[in-house]
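# Structure assessment
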Amino acid sequence: MAPELNRAHRDIRPDGLAVEAEVVSVDASVLPQLWPDLVRGIFHRNGGAAVELPILYGRLLLGEDVLWLALYNRSCHPSPYAGVLITSITEKPPWRGRAPHPPGRSLTVHIATGTSIESWIDSAIERISSYGHANGCKQIYVLARKGWRHYALRFYGQFDVMGYSRDRSTAKGRNRFQNRPGLFRKVELLLQRKGSSSADYGSARTAYILPKGESDAAGR
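Right, let's walk through the structure included here. (Residues numbered from 1 in each chain as written. Predicted model: local features only at pLDDT ≥ 70, side-chain atom pairs only at ≥ 80, totals over all residues. Heavy atoms only, no water.)

## Overview of the overall build of the chain
Of regular secondary structure, the chain possesses five helices and nine strands. Looking at the chain as a whole, 45% of its 220 residues are labelled buried. Taking contacts inside the chain between residues at least 6 apart in sequence as the whole, the part at least 24 apart equals 55%. Summed over all atoms, the accessible surface of the chain reaches about 11,800 Å², with 52% contributed by carbon and sulfur. (Helix = DSSP H or I, 4+ residues; strand = E, 2+ residues; numbered from the N terminus. Buried < 20%, exposed > 50% of the residue type's maximum accessible area, 1.4 Å probe, protein only. Contact = heavy atoms within 4.5 Å. Areas by Shrake-Rupley, 256 points an atom, 1.4 Å probe, with all protein chains shown as cover.)

## A closer look at the environment of Val-23
In this fold, Val-23 is placed in strand β1 (residues 21–26). Judged by its relative accessible area of 0%, Val-23 is buried. The spacing of Val-23 and Ala-70 is 47 residues in sequence and 4.1 Å in space, taken between C-alpha atoms. When residues no more than four places from it in sequence are discounted, the contact partners of Val-23 are Trp-68, Leu-69, Ala-70, Leu-85, Trp-120, Ser-123, Ala-124 and Arg-127.

## Focus on the pairing of strand β5 (residues 139–144)
In terms of residue burial, β5 counts as a mostly covered element, since six of its six residues are buried. Every second residue of β5 is oriented toward a common face, with Gln-139, Tyr-141 and Leu-143 on one face and Ile-140, Val-142 and Ala-144 on the other, all of them buried. Where the polypeptide runs from strand β4 (residues 106–114) across helix α3 (residues 121–134) and back to β5, its parallel neighbour, the crossover connection is right-handed. (Right-handed = clockwise from strand over helix to strand, strands pointing away.)

## Describing the environment of Val-26
Within the secondary structure, Val-26 is located in strand β1. By relative accessible area, Val-26 is classed as buried at 9%. As a C-alpha pair, Val-26 and Leu-60 span 34 residues in sequence and 9.6 Å in three-dimensional space.

Read these as geometric descriptors, not functional statements.
Structural data, given as structure tokens:
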């Protein structure tokens, strides 16, 4: 049986009901008990996670990475796990490319896998951002699958600098090289082309998002 995780803080909606899922960090001391269940379940659902599980497990035990789990608040779900995120803190940005970001302590977030991401991404942003600020991070670099790009970009504005990258290779297409995993593009607000129906744009070096409000309308 999986150990009980610390869930003292719960997110509450304006109507007073608890949100469907919340994100909590996992202490390395309980990881050996959790790991077999995670490998059999959540890591292989929804297309799997773009990680080497044996390497990740070793990094988690050494404290080089931190595991975050999105947990359902209700017991009606067949599995308690709604999602997995992995974070690491480095003294310089995890940057690859011709235009490196400014130096400084950085937080890297991998939105690794999960289901019903809309139910827990806001909890992830709040808690992981607080964790990064408490550890002196000024920059954040987020990896996510192609279909979760607009969720990853919600981290924008939490830190002085944000970078975004896909977490797995693009199988084909003319943009497959600029979308290589780990090739982060700086995220900036888009100040032109406001009439477009797309919520975000990209080039080889920059990923743009619309200002708040316009982005919400474009995403509907």
